[in-house]
Amino acid sequence: MPEHWINSSEDTLIYIGDAMCSWCHGMSPELDKLVANHPELTFKVINGGLRPHGTETNATMADFLRSHWVEIEKRTGQPFSYDILKDSTFVYDTEPASRAIIVARMIDSDREFEFFKAVQMAFYAENKNTNELSTYLEIAEKFGFDKTHFEKLFISDEAKYQTSQDFRLSQQMGIKGFPS
């Protein structure tokens, strides 16, 4: 566990997820309720790395994803738009989304989960391309983050390193699925 999380006076709820995990998107309202109903808990996010540095595209995944998303939308009521599935060249690399969330943590750790959910909505409801920095700069602007500073952090070795550390921690914890 990251050293900055250790505080013996706190009870901590650790959420391991990935912004591009469809079940994580589906479960967000329930997680919001849990956090709201337990203000005594410190809530921390670990970006688990669903498909970091993935190379699969919609050319091979669209049909699977569509059926999966339809099921999750029916079960949870969370909004999904399916237009991005028409882009056969879209690559499912979850590292950029995770890194954007790490950058939000670096800027304002208290708003990390809100940023996480904004990335989910950008992808699932608005079909924004999560491989493009412009997607995250638009979200950063909505959060009042300085876009130039966000971009510098996003491309920094430190953000890449911290993102890989989240992935490593998830693996060390034995996490095999998201959300956990």
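Treat the numbers as computed from the prediction; the structure is a model and nothing was measured.

Draft legend 1. Just the overall build of the protein chain, in detail. For the protein chain, the helix and strand inventory stands at seven helices and two strands. Counted from the first residue to the last, the protein chain has its helices and strands arranged as β-α-β-α-α-α-α-α-α. A compact globule built from 180 residues would reach a C-alpha radius of gyration of about 16 Å, and the protein chain, at 16 Å, matches this within 12%. When its C-alpha atoms are laid out on the principal axes, the protein chain stretches across 50 × 35 × 30 Å.

Draft legend 2. Main features of the pairing of strand 2 (residues 41-47). Where strand 1 (residues 11-17) lies against strand 2, seven bridges are found, and the strand directions are parallel. Among the inter-strand pairings, threonine 12 is bridged to a residue of strand 2, identified as threonine 42. For the handedness criterion, the β-α-β arrangement of strand 1, helix 1 (residues 22-37) and strand 2 is classed as right-handed.

Draft legend 3. Spotlight on the packing of helix 3 (residues 95-107) against helix 7 (residues 157-172). Where helix 3 meets helix 7, the closest approach of the two axes is 9 Å, and the angle between their N-to-C directions is 110°. Classified by the angle between their axes, helix 3 and helix 7 sit roughly perpendicular to one another. In contact with Glu95, Ser98, Arg99, Ile102, Val103, Arg105 and Met106 of helix 3, helix 7 contributes Glu158, Ala159, Lys160, Gln162, Thr163, Asp166 and Phe167. Partitioned by chemical class, the residues of the contact of helix 3 with helix 7 number five nonpolar, three polar and six charged.

The rules we used
Residues numbered from 1 in each chain as written. Predicted model: local features only at pLDDT ≥ 70, side-chain atom pairs only at ≥ 80, totals over all residues. Heavy atoms only, no water. Helix = DSSP H or I, 4+ residues; strand = E, 2+ residues; numbered from the N terminus. Rg over C-alpha atoms; globule rule 2.2 N^0.38 Å. Pairing = 2+ DSSP bridges. Right-handed = clockwise from strand over helix to strand, strands pointing away. Axes fitted to C-alpha atoms, helices over the stretch in contact; angles between N-to-C directions. Parallel < 35°, antiparallel > 145°, perpendicular 65-115°, else oblique. Contact = heavy atoms within 4.5 Å. Nonpolar A, V, L, I, M, F, W, Y, C, P; charged D, E, K, R; others polar.

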